[in-house]
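Reading the structure
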Amino acid sequence: MSRLSRRHALHLVLALAAALGWTLVPAGPAASATLAPPGSMSGLGDSITRGFNACGWFVDCTSRSWSTGSSTSVDSHRNRIRTQNPDLVAYNDARSGAKIADLAGQARTAASRGVDYVTILMGANDACTSSESSMTSVADFESRFRAAMQELATGIPQASVFVASIPDLKRLWAVGKDSSSARTAWSAFGICRSMLASPRSTTPEDEARRDRVRQRVVDFNGVLARVCAEYTTCRYDGDAVFSYPFTLGQLSTWDYFHPNTSGQQALAEVTYQPLLRTTEV
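Description of the structure in this document. (Residues numbered from 1 in each chain as written. Predicted model: local features only at pLDDT ≥ 70, side-chain atom pairs only at ≥ 80, totals over all residues. Heavy atoms only, no water.)

All told, the structure shown has one cavity of 30 Å³ or more when counted by the stated rule. One number sums up the size of the largest cavity: a volume of about 250 Å³. Taken together, 17 residues make up the lining of the largest cavity; nearest its centre are Pro167, Phe246, Leu251, Phe257 and Pro259. Secondary structure elements with two or more residues in the lining of the largest cavity: helix 6 (169-176) and helix 11 (261-271). Its residues placed into classes, the lining of the largest cavity shows 14 nonpolar, two polar and one charged. (1 Å grid on protein atoms, 1.4 Å probe; cavity = no way out; pocket = protein on both sides within 12 Å on 5 of 7 lines; lining within 4 Å. Points joined across faces, edges and corners; volume = space filled by probe spheres on them. Helix = DSSP H or I, 4+ residues; strand = E, 2+ residues; numbered from the N terminus. Nonpolar A, V, L, I, M, F, W, Y, C, P; charged D, E, K, R; others polar.)

Here it is, written out as structure tokens:
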């Protein structure tokens, strides 16, 4: 390998390491280095990160969380990192029902634990509300997310932060609107009325409402990407979750809203990006 290509490879690996918080440790006199995985992590967010309805009737199921779950059927970030560091300690500090206003508090908890790696999936509940008018404003969403990121940057500046995009709520409506079971669950439990009210209506008013709610999610994701980019230790998923074409079969049959085990596995798959393990210096 030429000196230039070696240097380019090293810079690439260093950038990747900074993005995920992996530490370069010497590998002996052979002028190479090995990427050491995090020793601890925390999953922040809402019911999706809590694995809600993924294994039981309206209960959290953290073992099947895409982020910190221990279930082999999900192959979470925790499990993937543990193939490199079996001693990884994982905390699930998310809370079902949480909104962006709760993220700073979760960030403080993660900081108090001194973790090396943090995942964030937050914002669905800020758009999925009882009505369109009760959605969180984009300005407030940005202010709250900035506050949470500052908590992490101040409390655990060495930690890597991964931010997942908010799922496309209009996709949820599209895959479930023709299912009588889904419509019944949405109505009975009052789920995401801002998007899912009158799911079979084709009136211009309802179509426009769905488009506006979707745009709010797009705007929220824009905030996540922009603010994350201001921190060298933060990595955004590039809208991977938002763009993922999930199916009705990946949703819990209890509420047709939360990811089931298959859905959690898909989230883990589309969000996890492993690093190269070695590089020549």
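This part takes up the sheet that holds strand 6 (residues 160-163). Spatially, the five strands line up as an open sheet ordered 4-3-5-6-7, and their pairing is parallel. Two strands bound the open sheet, and with one partner strand each, they are strand 4 (89-92) and strand 7 (234-236). Taken over all neighbouring pairs, the strand axes of this sheet differ in orientation by 15° on average, direction set aside. Direction of pairing for strand 3 (residues 40-45) relative to strand 5 (residues 117-121): parallel, over a ladder of five bridges. (Pairing = 2+ DSSP bridges. Axes fitted to C-alpha atoms, helices over the stretch in contact; angles between N-to-C directions.)

What follows is about the pattern of salt bridges. Applying the stated criterion across every chain, the model contains 16 salt bridges. Of the charged contacts, one joins Arg80 and Asp75 as a salt bridge, the two residues approaching to 3.6 Å between their closest N and O atoms. Residue classification places Asp75 among the partly exposed residues on the basis of a relative accessible area of 31%. The residue Lys170 makes a salt bridge to Asp211 at a minimum N-O spacing of 2.5 Å. Linking Lys170 in helix 6 with Asp211 in helix 9 (residues 204-228), this pair joins segments that are 41 residues apart in sequence. A relative accessible area of 40% means that Asp211 is categorised as partly exposed. (Salt bridge = Lys/Arg side-chain N within 4 Å of Asp/Glu carboxyl O. Buried < 20%, exposed > 50% of the residue type's maximum accessible area, 1.4 Å probe, protein only.)

Right, let's get into helix 6. Here helix 6 has its buried residues at Leu169, Leu172, Trp173 and Gly176. Looking straight down helix 6, one finds its buried side chains confined to an arc of 95°; they lie on one side. On its buried face, helix 6 sits against helix 4 (124-127), helix 7 (180-188), helix 8 (193-196) and helix 9. The backbone nitrogen of Lys170 lies 3.0 Å from a side-chain oxygen of the residue at the head of helix 6, namely Asp168. (Arc of directions from axis to C-beta. Contact = heavy atoms within 4.5 Å. Polar contact = N/O pair within 3.5 Å; in protein donor to acceptor, adjacent residues only side chain to side chain.)

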